[in-house]
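# Coordinate inspection notes
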Amino acid sequence: MNEELGPFQPLWDAWDEAHQALLNEPLLHFRRASDAQFDELEQHLFAKNRDAAVREAVDMVSVALNVMRWLGCGPNEIAAAARERAEQRIVGQTAEILEKYSVSRERRPRASS
C-alpha cells in the first residue's frame, strides 16, 4: 500500500473498489458530488454540528481525490502536484487568492493603468 497521500491515503484506498466505475462517470458527476457535500456542510454548520461538518469537509477531499483519479493520477503524482502547486502558486500569494474569491466584501474595481 502506498502512503504518499499521508492522512488522505485511506480515502484513496477506500475508493479503489470503485475505481473503474469512477472512470466511467462524466465530470459533471464530481461537480454534483461536490455541490452535495457543500450543501451538507452548510446544513451541519447551521445546526451547529461541527463534528458532522468536519466529516463533510473530509468527504470534499474525497471528491477532489476522485477527480484526480478520474484524470489518471495516482498517489505519487497527486502528492507531487500538491507540493508543486503550494510552492509555485500558493506560498506568498494567499492574500491575493483570498481576495480573488472573497464574498465577504465587495471587490473594488482595479485601477486601470
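Residues numbered from 1 in each chain as written. Predicted model: local features only at pLDDT ≥ 70, side-chain atom pairs only at ≥ 80, totals over all residues. Heavy atoms only, no water.

### Digging into the overall build of the chain
Counting its secondary structure elements, the chain contains 6 helices and 0 strands. Going residue by residue from the N terminus, the α and β elements of the chain occur as α-α-α-α-α-α. Viewed in the frame of its principal axes, the chain has a C-alpha envelope of about 50 × 40 × 25 Å. For the chain, the residues scored as buried account for 18% of the 113 residues in total. Within the chain, residue pairs in contact and separated by at least 24 positions form 61% of the contacts whose partners lie at least 6 positions apart. A total accessible area of about 8,700 Å² is found for the chain, and carbon and sulfur atoms account for 56% of it. When the 14 basic and 19 acidic side-chain charges of the chain are each reduced to a single mean position, those positions are 10 Å apart. (Helix = DSSP H or I, 4+ residues; strand = E, 2+ residues; numbered from the N terminus. Buried < 20%, exposed > 50% of the residue type's maximum accessible area, 1.4 Å probe, protein only. Contact = heavy atoms within 4.5 Å. Areas by Shrake-Rupley, 256 points an atom, 1.4 Å probe, with all protein chains shown as cover. Lys, Arg positive; Asp, Glu negative; His and termini not counted. Charge placed at Lys NZ, Arg CZ, Asp CG, Glu CD.)

### Regarding the pattern of salt bridges
Applying the stated rule across the entire model yields 3 salt bridges. Two residues, Arg-50 and Asp-51, come together in a salt bridge whose shortest N-O distance is 4.0 Å. The exposure classification of Arg-50 matches that of Asp-51, with both residues exposed. (Salt bridge = Lys/Arg side-chain N within 4 Å of Asp/Glu carboxyl O.)

### Focus: helix 5 (residues 75–90)
Listed in full, the buried residues belonging to helix 5 are Pro-75, Ile-78 and Ala-79. End-on view of helix 5: buried residues confined to an arc of 100 degrees, all on one side of the axis. Facing away from the buried side of helix 5 by more than 90 degrees, the exposed set consists of Glu-87 and Gln-88. The secondary structure elements touched by the buried residues of helix 5 are helix 1 (9–14) and helix 4 (50–70). Of the residues flanking the end of helix 5, it is Gly-92, one or two places downstream, whose phi is positive at about 80 degrees. (Arc of directions from axis to C-beta.)

### Details of the side chain of Ser-62
Within the element layout of this structure, Ser-62 appears in helix 4. Its relative accessible area of 7% is what places Ser-62 among the buried residues. Apart from residues lying up to four places away in sequence, Ser-62 is in contact with Leu-11 and Trp-15.

### Looking at the nonpolar core
Counting 5 residues, the largest nonpolar core consists of Leu-5, Trp-12, Leu-65, Cys-73 and Ile-78. In this structure, Ile-78 is in contact with Leu-5, Trp-12, Leu-65, Met-68 and Cys-73, ignoring residues within four places of it in sequence. (Core = buried A, V, L, I, M, F, W, Y, C linked by side-chain atoms within 4.5 Å.)

### Things to note about unusual backbone geometry
Only a minority of non-glycine residues have a phi that is not negative, and only a minority of peptide bonds are not trans. Here Lys-48, not a glycine, exhibits a phi torsion of approximately 60 degrees, which is positive. Inspection of the secondary structure assignment puts Lys-48 in the loop between helix 3 (27–46) and helix 4. On the basis of relative accessibility, which here comes to 74%, the residue Lys-48 falls in the exposed class.

### Some remarks on the environment of Ala-53
Residue placement: Ala-53 occurs in helix 4. Under the relative-accessibility criterion, Ala-53 is labelled buried at 4%. For the pair formed by Ala-53 and Ser-102, sequence separation is 49 residues and the distance between their alpha carbons is 21 Å. Discounting chain neighbours no more than four positions away, the residues touching Ala-53 are Leu-41, His-44 and Leu-45.

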